Amino acid sequence: MFVVTGATGNVGRTLVGLLAEEGLPVTAVARRVTEADVPPGVRAVAADLGDVASLRPALAGADALFLLVAGEDPEGVIAAAGEAGVRRIVLLSSQGAGTRPGAYPHAVRFEEAVRGSGLSWTVLRSGGMASNAYAWAEPVRLSRTAEAPFGDVGLPFVDPADVAAVAAAVLREDGHDGATYVLTGPEATTPRDRAAAIAAALGEPVRFAEQTREAAHAQMAQVMPLPVVEGTLAILGEPTPDERSVSPDVERVLGRPARPFAAWAERNAAAFR
């Protein structure tokens, strides 16, 4: 049994589908997940990573766990997984846990807990995800405008479908124990480039407007803890060489190149119409 937390998110939903397509037994976990949110044959269990007791029914009979960085008790979640018989944990972490650990202490703590669990483990450190562009969906629909800071700083954003495909491979296959994979796209793109890719997918112009750092900080602080806001803005505005680099790990695991941002924009153009 494969247990997927965050099963209604951009990565988890795709991961559940990939595993189900192969006829594998899957339990989909999210706070408000229902049977209507998952493919036929997938078990849906509403549970919260912040409440270890709520997870126990989902973990019963599980062999492998796909774990998000969420909640405040990674040790408790991992202990419950071990007690349920889980043998393998795949953690979706952040590239920032390696490049800026001081700004991502939550992710670092989860990584340390997984590595010290005594179970088989693999850590997936995702770079910025293409799906972050959903933040532009409403302004693009309403005014064909996309706003972001640091318009000409390029980063290799990763398609969340590639993250899900890597997670599926690592959950199913041997040979990944103790590995930490950095997941990026195949090329660096700037916010200006990504707005242009959305425009091309729509077949209509989209105006890019550059935000000030202060305006971006205020917007992000509404949904992120302040240390994560600072870390994110530092990556977006002054990325390190590692953060700018294209990682080979998606292709190493999947045997094919990572998908470009333009492909994500084409698949998801309806969100911006």
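Note: the structure precedes this text.
Thresholds, definitions, all that
Residues numbered from 1 in each chain as written. Predicted model: local features only at pLDDT ≥ 70, side-chain atom pairs only at ≥ 80, totals over all residues. Heavy atoms only, no water. Salt bridge = Lys/Arg side-chain N within 4 Å of Asp/Glu carboxyl O. Buried < 20%, exposed > 50% of the residue type's maximum accessible area, 1.4 Å probe, protein only. Helix = DSSP H or I, 4+ residues; strand = E, 2+ residues; numbered from the N terminus. Contact = heavy atoms within 4.5 Å. Pairing = 2+ DSSP bridges. Axes fitted to C-alpha atoms, helices over the stretch in contact; angles between N-to-C directions. Parallel < 35°, antiparallel > 145°, perpendicular 65-115°, else oblique. Left-handed = near helix turned anticlockwise from the far one by under 90°. Nonpolar A, V, L, I, M, F, W, Y, C, P; charged D, E, K, R; others polar.

S.K.: Would you take a moment to explain the pattern of salt bridges for this structure?
M.R.: Between side chains of opposite charge, a pair can form when the charged atoms approach closely. Counting across every chain of the model gives 18 salt bridges. The closest approach of N and O atoms between Glu173 and Arg172, which form a salt bridge, is 3.9 Å. Residue classification places Glu173 among the partly exposed positions, given a relative accessible area of 31%. Arg172 sits in the partly exposed class, given a relative accessible area of 33%. Here Arg252 ties to Asp249 by a salt bridge, and the two come within 2.4 Å at their closest N and O atoms. Placement of both Arg252 and Asp249 in helix 12 (residues 249–254) is noted, with a separation of 3 residues, approximately one turn of the helix. Arg252 sits in the exposed class, given a relative accessible area of 55%.

S.K.: In this structure, what is going on with the environment of Ala7? I would like to understand it.
M.R.: Its place among the elements puts Ala7 in the loop between strand 1 (2–5) and helix 1 (12–21). Expressed as a C-alpha distance, the spacing of Ala7 and Val33, which sit 26 residues apart in the sequence, is 7.6 Å. Residues contacting Ala7, with those up to four places away along its chain left out, are Gly12, Arg13, Val16, Ala28, Val29 and Ala30.

S.K.: Please clarify how the sheet that holds strand 4 (residues 64–68) should be interpreted in this entry.
M.R.: Taken in spatial order, the 7 strands of this open sheet run 3-2-1-4-5-6-8, and their pairing is parallel. With partners counted over all chains shown, the strands left at the sheet margins are strand 3 (43–46) and strand 8 (179–183), one partner each. Between one strand and the next, the sheet's axes are offset by a mean angle of 20°, whatever the strand orientation. Taken together, the 7 bridges between strand 5 (residues 88–94) and strand 6 (residues 120–126) define a ladder with parallel strand orientation. The residue bridging Arg88 from the neighbouring strand is Ser120, located in strand 6. Set on the sheet, helix 5 (residues 105–115) makes contact with strand 4, strand 5, strand 6 and strand 8; between it and strand 5 the angle comes to about 160°.

S.K.: Any chance you could explain unusual backbone geometry here in plain terms?
M.R.: In terms of backbone geometry, most residues other than glycine have negative phi values and most peptide bonds are trans. The residue Arg144 is not glycine, and still its phi comes out positive at about 55°. Relative to the helices and strands, Arg144 is located in the loop between helix 6 (137–143) and strand 7 (145–149). Classification of Arg144 by relative accessible area gives buried; the value is 19%. Its identity as a non-glycine residue notwithstanding, Phe150 has a phi of 55°, on the positive side. Residue position: Phe150 is located in the loop between strand 7 and helix 7 (160–172).

S.K.: Would you mind showing me how to read the packing of helix 9 (residues 213–220) against helix 10 (residues 226–237) here?
M.R.: A pair of packed helices can be characterised by two numbers: the angle between their axes and the separation between those axes. At their nearest, the axes of helix 9 and helix 10 sit 10 Å apart, and the two run at 140° to each other. Overall, the two elements helix 9 and helix 10 adopt an arrangement that is oblique. Regarding helix 9 and helix 10, the two cross each other, and that crossing is right-handed. Contacts between helix 9 and helix 10 involve Arg213, Ala216, His217 and Met220 from the former and Leu226, Val229, Glu230, Thr232, Leu233 and Leu236 from the latter. Split into classes, the residues belonging to the contact of helix 9 with helix 10 amount to 6 nonpolar, 2 polar and 2 charged.

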